[in-house]
Amino acid sequence: MVNATTLLGVVLLARHGDRVEFFQDPFTYNPTQTFLTALGSVQEQGLGAFLRATYLDPSSPTVIGGINADVAEIDQLDVRADAGGEGAVILTSVQGLLQGLFPPTTDNNITLANGTTVVAPLGGYQAIPVESVEPNEDISLEGFTSCPNFDNHISQFYASPGFAAEAMVAQPFLEQLHHYLGNRSIEFTNMYNIFDFVNVQLQHNATFLAELPPTYGAQAYYYANFHENGVFTDGSPGGIGNIAIRTVLPSIFTSLTRIANASDPLKLALSEISYKPFISLFNVTQATIADPGIAGIVDYAAAVALEVHAPATPLDEPTVKMRFKNGTSDPSFHDLTLFSAASLPLSQFISQLAPSAVNTTQQWCTVCNQTTLRGCSAFFE
């Protein structure tokens, strides 16, 4: 059975999978390298399989009209991945996702001039091109590092009365947790790194799992959510605290517009990213007003889908709908609001967010007050 569909295509944002411990400077968010685990690859493949069932299965009510579901048509896809300071974690994660989205098939073959049919390796493995977005060459997927004005925003948050009050509430817990952290700082400014250590150890260290009191993991997550939500949001959409999504917005606009254009073959655009742009996205779209529980750190292999639906009548325009799946423990997509609406006309979605978008490296340099790094010296000679 093939369902009728109004879905023209989808723009996806996906977080990487499980990895080993990761340290970020609390004052600049400059990262250290980390590595994807086998569990992380499985999580990403599972996400890909879920997205395949949602958007490529002909029997799905949300199948993308006209997409080739078996053998990938490269011109229908646009895949990008952050190749930033975390090393290859995000870039290797997207390969796992794509294996689930377009699994091997013997239909991925070619017949040679002599009549021999050759199937791609590994039973028809589909190698889908991925754009590796290098931060020193392209600011779009990691606009929050080497950004002095963002660093100032972090310091101002740490100096705020709200941060001081939460730090005071957290202090007794952190003193109790200190025994399990080795020599790691329990300053509240270091809360993300504290949480990340606890989270990784609970997943991969059996002794730690057995010894840590059962509520401590959830408590560390709670305080880390407060911490990261304060760092990666702002009171206004164009504020520097939202820089993590502001640099991603132009590529989102481009992909949505291409999908809505009947003469353009694009059907599915995917950006593999860290957790930070999700926090900022939910803030700038006001999705957290209706769903405050989504504020904070999304789980590994979380995904946001911005669906482009066909117009209801020839006089209307395509609409955009946002959906969210929070990692492997979340079995399905959940609808989120966009500026308090269930969906928005495409032009309105873009016009609401366009003033906040950072469209070029030169604009980013100005917004961040960066004059030397990431190509900015060319604009300030």
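Here is a short report on the structure shown in this document. (Residues numbered from 1 in each chain as written. Predicted model: local features only at pLDDT ≥ 70, side-chain atom pairs only at ≥ 80, totals over all residues. Heavy atoms only, no water.)

**Structural notes on the state of the cysteines**
Here, disulfide denotes a covalent bond that connects the sulfur atoms of two cysteines.
Okay, so step 1: The tally for this structure, following the rule as stated, stands at 2 disulfides.
Okay, so step 2: Across the disulfide, cysteine 365 is cross-linked to cysteine 376 (sulfur-sulfur distance 2.0 Å). Looking along the S-S bond of the cysteine 365-cysteine 376 disulfide, the torsion reads about -90°, which is the left-handed sense. Of the two residues, cysteine 365 is situated in helix α14 (residues 361-368) and cysteine 376 in the segment after α14; the sequence distance between them amounts to 11 residues. Of the two residues examined, cysteine 365 and cysteine 376, each falls in the buried class.
Okay, so step 3: Should the bonded cysteines of the protein be numbered as they appear in the sequence, the pairing reads 1-3, 2-4. (Disulfide = S-S within 2.5 Å. Helix = DSSP H or I, 4+ residues; strand = E, 2+ residues; numbered from the N terminus. Buried < 20%, exposed > 50% of the residue type's maximum accessible area, 1.4 Å probe, protein only.)

**Describing helix α1 (residues 38-55)**
Okay, so step 1: In this model, α1 (18 residues) spans 26 Å end to end at C-alpha, consistent with the 26 Å of a helix rising 1.5 Å per residue.
Okay, so step 2: Inspection of α1 places Gly40, Gln43, Glu44, Leu47, Gly48, Phe50, Leu51, Thr54 and Tyr55 among the buried residues, and these make up the whole buried set. Taken end-on, α1 shows its buried residues confined to a sector of 160°, consistent with a single buried face. Away from its buried face, by an angle of more than 90 degrees, α1 presents the exposed residues Ala38 and Val42.
Okay, so step 3: Turning to α1, the residues buried within the fold contact β1 (7-15), α2 (89-101), β6 (268-273), β7 (303-309) and β8 (319-325). (Expected span 1.5 Å × (residues − 1). Arc of directions from axis to C-beta. Contact = heavy atoms within 4.5 Å.)

**Regarding unusual backbone geometry**
Okay, so step 1: For leucine 122, which is not glycine, the phi torsion reads 60° and is therefore positive.
Okay, so step 2: A positive phi angle, near 55°, is found at arginine 374, a position not held by glycine.
Okay, so step 3: Structurally, the position occupied by arginine 374 is in the segment after α14.

**What about the packing of aromatic side chains?**
Okay, so step 1: Tallied over the full model, the rule gives 25 aromatic pairs.
Okay, so step 2: Centroid distance phenylalanine 157 to phenylalanine 226: 5.9 Å. Interplanar angle 40°. Geometry classified as tilted. Of this pair, phenylalanine 157 sits in helix α4 (residues 148-158) while phenylalanine 226 sits in helix α8 (residues 216-231), placing them 69 residues apart in sequence.
Okay, so step 3: For phenylalanine 157, a relative accessible area of 14% gives the class buried.
Okay, so step 4: Pairing tyrosine 180 with tyrosine 216 gives two aromatic rings, centres 6.2 Å apart and planes at 90°, and the pair type is edge-to-face. Linking tyrosine 180 in the loop between α5 (161-177) and α6 (191-204) with tyrosine 216 in helix α8, this pair joins segments that are 36 residues apart in sequence.
Okay, so step 5: Given the relative accessible area of 12%, tyrosine 216 is considered buried.
Okay, so step 6: Over the face of the ring belonging to phenylalanine 50 we find lysine 325, whose NZ or CZ atom lies 5.0 Å from the ring centre. (Phe/Tyr/Trp six-rings, centres within 6.5 Å; stacked < 30°, edge-to-face > 60°. Lys NZ or Arg CZ within 6 Å of the ring centre and 35° of its normal.)

**Quick notes on the pattern of salt bridges**
Okay, so step 1: Scanning all chains against the criterion turns up 9 salt bridges.
Okay, so step 2: Residues aspartate 196 and arginine 19 are paired through a salt bridge, measuring 2.7 Å at the closest nitrogen-oxygen approach. On the criterion of sequence distance, the pair formed by aspartate 196 in helix α6 and arginine 19 in the loop between β1 and α1 is long-range, its members being 177 residues apart. For the pair aspartate 196 and arginine 19, one class covers both residues: buried.
Okay, so step 3: Of the charged contacts, one joins aspartate 70 and arginine 52 as a salt bridge, the two residues approaching to 3.6 Å between their closest N and O atoms. With aspartate 70 in the loop between α1 and β2 (77-82) and arginine 52 in helix α1, this pair connects stretches of sequence that are 18 residues apart.
Okay, so step 4: Linked by salt bridges that have partners in common, Glu307, Lys321, Arg323 and Asp335 make up one network. (Salt bridge = Lys/Arg side-chain N within 4 Å of Asp/Glu carboxyl O.)

Shape descriptors only; they carry no functional weight alone.
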